[in-house]
Amino acid sequence: MESISWDVETMGVMTKKYQTLQECLVTDCNVYCPADTHKCMKVKQVLWDTGSTGTLISAQIVSSLGLLPIGKVGVSGYNKGVDVKNLYLVHIGLPTGDVVLNVQAMECDSEDYDVVLGMDIINQGDFAFTNKDGQSVFSFRIPSKEHIELTE
């Protein structure tokens, strides 16, 4: 756990280029405790998931930052019943340099990712993913600046 300074007004752009076609989009991010922004975790394996409506964080992040639940939420997954999970308030530092404040993140059981960024984050900006010549390129900027439409 390290303390990281940040500027809420950054408004940046992130582009990640891959040499091969990608099956998933993974970057890093910072997770901040909103009660004490000097408490921060740098997370290396962060999944961007357009199929998730909300942001998810692991029990390890909850424990390391000393987060307290702000409530509970019911979640249903593929071929599962409804599980009740704790909900936490965090700030998310994106690879663009922006910090999204007061994100309600649900605790998750993922063994692969400590953070999953869902549509609650993605829908605040412009998201683009292309696969030309066997190479994937992923870009994100916040806030959104324009509609991106592909043409022939």
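Use the structure listed above.
This one's a predicted model, so the numbers in the text were calculated from it and none came from an experiment.

Summing up its helical and strand segments, the chain has 2 helices and 10 strands in all. When the elements of the chain are put in sequence order from the N terminus, they spell out β-β-β-β-α-β-β-β-β-α-β-β. For 152 residues, the compact-globule estimate of 2.2 N^0.38 gives 15 Å, and the chain sits close to it at 16 Å. Along the first, second and third principal axes, the C-alpha atoms of the chain reach 50 × 40 × 25 Å. Put simply, the chain has 152 residues, and 39% of those count as buried. Residue pairs at least 24 apart in sequence account for 57% of intrachain contacts in the chain once pairs closer than 6 positions are excluded. Entry remark: accessible area of the chain is about 9100 Å², with carbon and sulfur atoms responsible for 49%. Averaging the coordinates of the 11 positive side-chain charges in the chain and doing the same for the 20 negative ones gives two points 3 Å apart.

Quick look at unusual backbone geometry now. Backbone torsion omega between I142 and P143 reads 0°, so that peptide bond is classified as cis. Examined against the element boundaries, P143 turns out to sit in the segment after strand 10 (135-141). The phi dihedral of D133 is positive, around 55°, even though this residue is not glycine.

What follows covers the sheet that holds strand 1 (residues 13-17). The 3 strands are arranged 1-10-9 in an open sheet whose pairing can be described as antiparallel. The strands lining the two open edges of the sheet, one partner per strand, are strand 1 and strand 9 (126-132). When strand polarity is set aside, the average angle formed by the axes of neighbouring strands in this sheet is 10°. Of the pairings in the sheet, the one linking strand 1 to strand 10 comprises 5 bridges and is antiparallel in character. Of the residues in strand 10, the one forming a bridge with K17 is V137.

A separate point is the packing of aromatic side chains. Evaluated as defined, the whole model comprises 4 aromatic pairs. Between W48 and F127, the ring centres sit 6.5 Å apart and the planes meet at 40°, which makes this aromatic pair tilted. Of this pair, W48 sits in strand 3 (residues 36-48) while F127 sits in strand 9, placing them 79 residues apart in sequence. Aromatic ring contacts, followed pair by pair, group W48, F127, F138 and F140 into a single cluster.

Glancing now at the pairing of strand 2 (residues 25-33). Counted residue by residue, strand 2 has 8 buried out of 9 residues, so it is predominantly covered. Here strand 2 runs beside strand 3; their pairing, made up of 8 bridges, is antiparallel. If you follow V26 over to strand 3, its bridge partner there is L47. Hairpin connection between strand 2 and strand 3: a loop of 2 residues separates the two successive antiparallel strands.

Tracing the chain through its elements places K72 in strand 5 (residues 71-76). In this structure, the C-alpha to C-alpha distance between K72 and E107, residues 35 residues apart in sequence, is 9.6 Å. Reaching out from K72, the side chain makes a polar contact with the side chain of N86 at a distance of 2.7 Å.

How each quantity is defined
Residues numbered from 1 in each chain as written. Predicted model: local features only at pLDDT ≥ 70, side-chain atom pairs only at ≥ 80, totals over all residues. Heavy atoms only, no water. Helix = DSSP H or I, 4+ residues; strand = E, 2+ residues; numbered from the N terminus. Rg over C-alpha atoms; globule rule 2.2 N^0.38 Å. Buried < 20%, exposed > 50% of the residue type's maximum accessible area, 1.4 Å probe, protein only. Contact = heavy atoms within 4.5 Å. Areas by Shrake-Rupley, 256 points an atom, 1.4 Å probe, with all protein chains shown as cover. Lys, Arg positive; Asp, Glu negative; His and termini not counted. Charge placed at Lys NZ, Arg CZ, Asp CG, Glu CD. Pairing = 2+ DSSP bridges. Axes fitted to C-alpha atoms, helices over the stretch in contact; angles between N-to-C directions. Phe/Tyr/Trp six-rings, centres within 6.5 Å; stacked < 30°, edge-to-face > 60°. Polar contact = N/O pair within 3.5 Å; in protein donor to acceptor, adjacent residues only side chain to side chain.

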